[in-house]
Amino acid sequence: MTTSSKAAPKKRRRSPANKPVHEPLSFVDQFRGAAPYINAHRGRTFVITFSGTLIKENHFHPFLQDIALLHSLGVRLILVHGARPQIDDRLQDFNVESEIINGLRVTNDEVLLCVKESVGNIRIDLEGAFSTGLPNSPMSGANIRIASGNFVTARPLGVRGGIDYQHTGEVRRIDTAAIEKLLSGGFIVLLSPLGTSPTGEVFNLSSEDVATSAAIQLNADKMLSLIEGGELLDQKKRLLRQLTPDEAEKILNSRRKLPEQMARHLISAIHACRQGVPRTHILSSLQSGSLLQELFTRDGIGTMISADHYDEIRAATIEDIGGIIELIQPLEEEGILVTRSRELLEIEIDHFTVMERDGTIIGVIALYPYHDQKIAEIAGLAIHPQYQNSGRGEALLKHLEHRLNKDSSHPVERLFVLSTRTAHWFQEQGYDPAKLSDLPVERQQLYNYKRNSKVFMRTRNRA
Ligand SMILES: CC(C)(COP(=O)(O)OP(=O)(O)OC[C@H]1O[C@@H](n2cnc3c(N)ncnc32)[C@H](O)[C@@H]1OP(=O)(O)O)[C@@H](O)C(=O)NCCC(=O)NCCS
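Residues numbered from 1 in each chain as written. Predicted model: local features only at pLDDT ≥ 70, side-chain atom pairs only at ≥ 80, totals over all residues.

Digging into the overall build of the chain
Heads up, the rule is: Strands here mean DSSP runs of E at least two residues long; helices mean DSSP runs of H or I at least four residues long; both are numbered from the N terminus. Once C-beta atoms are placed from the backbone, any two residues with those atoms within 7 Å are in contact.
What the chain contains, in helices and strands, is 15 helices and 23 strands. Long-range contacts, defined as pairs at least 24 residues apart, comprise 69% of the intrachain contacts of the chain with a sequence gap of at least 6.

In structure tokens, the structure reads:
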């Protein structure tokens with residue numbers, strides 16, 4: 001931090017607990033918060049694709065600086081650029097007509113010339129931009145080496161629906177051996193939407209095709225697509241943070257009309273995921289820094305399409321008690337959950353199941369069985385407010401029910417819950433109103449008449 005020598009030195013504020021206040025708290029906190037991601041991303045292979053429109057934006061240089069930062073942190077990077085607006089400009093300059101049919105450009109000889117010129121210019125400009133290293137600039141000392149070459153083998157798209165796409169092609173093969181060698185040598189690899197064929201022809205490709213093929217064939221850990229098409233929102237206009245490929249496909253097939261670019265990238269993301277790329281991300285390129293925010297913060301900023309379960313549900317351990325207290329304390333204070341002391345939690349920790357997301361407890365549920373009566377109580381269900389209403393409560397409850405189903409040594413035929421404010425939610429989960437007298441006698445004796453909770457019960461299918 002710098003201070004003006006003329007200004008009177010400010011008194012340091014102190015916290016009520018007389019602890020020194022760390023002034024750049026947010027920066028330090030954020031940097032510390034990024035540490036697990038820095039460790040997780042080091043040595044990983046990411047394919048990052050961005051459009052020709054982003055190249056024209058003011059924040060393109062900060063974006064390249066973010067790329068340089070990722071490289072410095074040990075991420076192995078393959079960049080795939082688009083070129084559509086640059087090609088359009090070129091076509092216009094030379095008065096060349098070009099048709100886009102089903103989202104694909106028909107590339108005749110004249111169009112191909114414009115494509116080659118535009119892509120060539122972008123490549124050279126990108127190489128130049130990555131060579132910047134002026135003192136005191138963010139790229140100072142980065143020493144980025146960038147490699148591009150004939151890594152993409154293409155084949156013609158051919159005639160489809162009666163349309164001859166001519167020099168428009170699709171990816172046939174990626175030279176993974178050459179790319180791997182360059183990545184290991186510390187290069188960033190730059191791929192353009194152009195490919196060559198064994199016959200020596202050049203084909204105009206879509207950058208999504210190049211990126212997806214590269215991510216799949218290189219067994220990349222992530223594919224990140226920066227697009228202008230905004231964010232992927234649900235019907236209530238909330239950002240969809242995570243989707244499985246099936247969920248993403250449902251959105252594509254729904255009546256909802258997605259912006260064309262979003263739809264194309266969603267299709268690529270689904271394909272990449274199904275072909276083994278563990279995580280694909282779609283982020284808005286309109287916001288500077290979105291790449292770093294997606295990669296180094298817990299919730300990210302875009303939509304992640306991932307086949308794996310991001311939220312882990314597991315039995316709680318004594319180490320989780322701090323996280324559980326953080327989650328349930330506000331609900332206890334509101335009277336929604338029954339208060340449990342830390343000591344009681346320690347004693348009863350084996351009854352708890354938690355949902356964890358990137359090291360944070362975001363959901364909890366407890367089960368208290370009365371084995372002799374084949375009945376069990378569900379208690380303490382809570383989902384972190386930031387994560388509510390996206391099916392997690394239901395997932396946690398179902399997980400518990402499923403686990404009980406599998407445990408044949410301790411059959412449980414009825415599950416009950418005492419609730420003050422969640423009656424409808426439990427009813428929607430198949431729990432019916434029940435009487436206090438339906439509960440085990442020992443539980444009836446503990447009933448708190450002041451709380452006046454309602455009883456809900458589910459008789460489980462014994463099959
Ligand atoms: C109740 C709770 C566990 C549900 O978890 P969740 O992950 O948010 O819920 P789901 O995503 O599975 O279900 C969402 C649906 O349930 C509804 N819902 C959420 N809380 C509800 C409640 N208290 N009563 C009725 N419906 C409720 C939502 O409106 C949503 O319905 P919609 O999609 O039609 O709009 C969660 O909201 C929570 O932690 N609440 C505070 C603690 C609490 O009440 N615990 C229960 C103690 S017995």
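Side note on the site of the ligand
Our working definition: Here, nearness is defined through the C-beta atom: a residue counts as near a molecule or strand if that backbone-placed atom lies within 6 Å of it. Residue classes follow a fixed rule: Ala, Val, Leu, Ile, Met, Phe, Trp, Tyr, Cys and Pro count as nonpolar, while Asp, Glu, Lys and Arg count as charged, and any other residue, Gly among them, counts as polar.
Surrounding the ligand, one finds 19 residues, the nearest of these being Gln388, Gly393, Glu394, His424 and Trp425. Those elements that place two or more of their residues in the shell around the ligand are strand 20 (375–383), helix 13 (392–406), strand 21 (414–419) and helix 14 (423–428). Across the shell around the ligand, the residue classes tally to 8 nonpolar, 8 polar and 3 charged.

Some details on the sheet that holds strand 1 (residues 45–50)
Going by this rule: When DSSP finds two or more bridges between two strands, those strands count as paired.
On the basis of which strands lie adjacent, the open sheet formed by 8 strands has the order 5-10-2-1-13-15-16-14 and mixed pairing. Whereas interior strands pair on both sides, the edge strands pair on one side only; in this sheet they are strand 5 (146–147) and strand 14 (242–243). Across 3 bridges, the pairing between strand 2 (residues 76–81) and strand 10 (residues 188–191) is parallel. When the sheet's bridge partners are listed, Leu79 is paired in strand 10 with Leu190.

Digging into unusual backbone geometry
So the rule is basically this: Counts of 20 or more other C-beta atoms within 10 Å of a residue's own C-beta define buried residues, counts of 12 or fewer define exposed ones, and intermediate counts define partly exposed ones; C-beta atoms are placed from the backbone.
We note that Asn95 has phi near 55°; this positive angle belongs to a residue other than glycine. Checked against the element boundaries, Asn95 lands in the loop between helix 4 (84–93) and strand 3 (100–101). Judged by C-beta crowding, with 7 C-beta atoms within 10 Å, Asn95 ranks as exposed. The backbone of Asn452 sits at a positive phi, close to 55°, despite the residue not being glycine. Relative to the assigned elements, Asn452 resides in the loop between helix 15 (441–445) and strand 23 (454–459). Looking at Asn452, the number of C-beta atoms within 10 Å reads 9, which means it is exposed.

Quick word on helix 13
For the record, the criterion: An expected span of 1.5 Å times one less than the residue number is assigned to each helix. Comment: arc refers to directions from the helix axis out to C-beta atoms.
The terminal C-alpha atoms of helix 13 lie 21 Å apart, and with 15 residues this matches the ideal 21 Å at 1.5 Å per residue to within 8%. Within helix 13, the full set of buried residues consists of Gly393, Leu396 and Leu397. In a view along the axis of helix 13, the buried residues occupy a sector of 95°, so they form one face of it. When the buried face of helix 13 is taken as reference, the exposed residues oriented beyond 90 degrees from it are His402 and Lys406.

A few points about the domain arrangement of the chain
To be explicit about the condition: Start and end positions for the domains come from either an automated domain assignment or a database one.
The domain boundaries assigned to the chain delineate domain 1 (39–306) and domain 2 (312–459). When each unit is reduced to the centre of its C-alpha atoms, the spacing between domain 1 and domain 2 is 45 Å.

Overview of the confidence of the model for the chain
Operational definition: Confidence of the predictor in every single residue is expressed as pLDDT, which spans 0 to 100.
Of all residues in the chain, 92% attain a pLDDT of 70 or more, and the chain-wide mean is 88. Taken as a whole, residues 1–25 scores under 50 in pLDDT and shows 9 contacts with residues more than four places along the chain or in a different chain.

Topic: the nonpolar core
Filter applied, for reference: For this entry, the nonpolar core is defined as buried Ala, Val, Leu, Ile, Met, Phe, Trp, Tyr and Cys residues connected by C-beta atoms within 7 Å.
Val47, Leu77, Ile78, Leu79, Leu191, Ala214 and Ala215 are the most contacted members of the largest nonpolar core, which totals 69 residues. Among the elements that make up this core, the one with the highest residue count is helix 5 (residues 109–131) (7 residues). With near-sequence residues (within four places) excluded, Ala215 lies in contact with Val47, Ala220, Met223, Ala272 and Val277. Residues Ala316, Val364, Ala366 and Phe416 belong to the second largest nonpolar core, which totals 32 residues.

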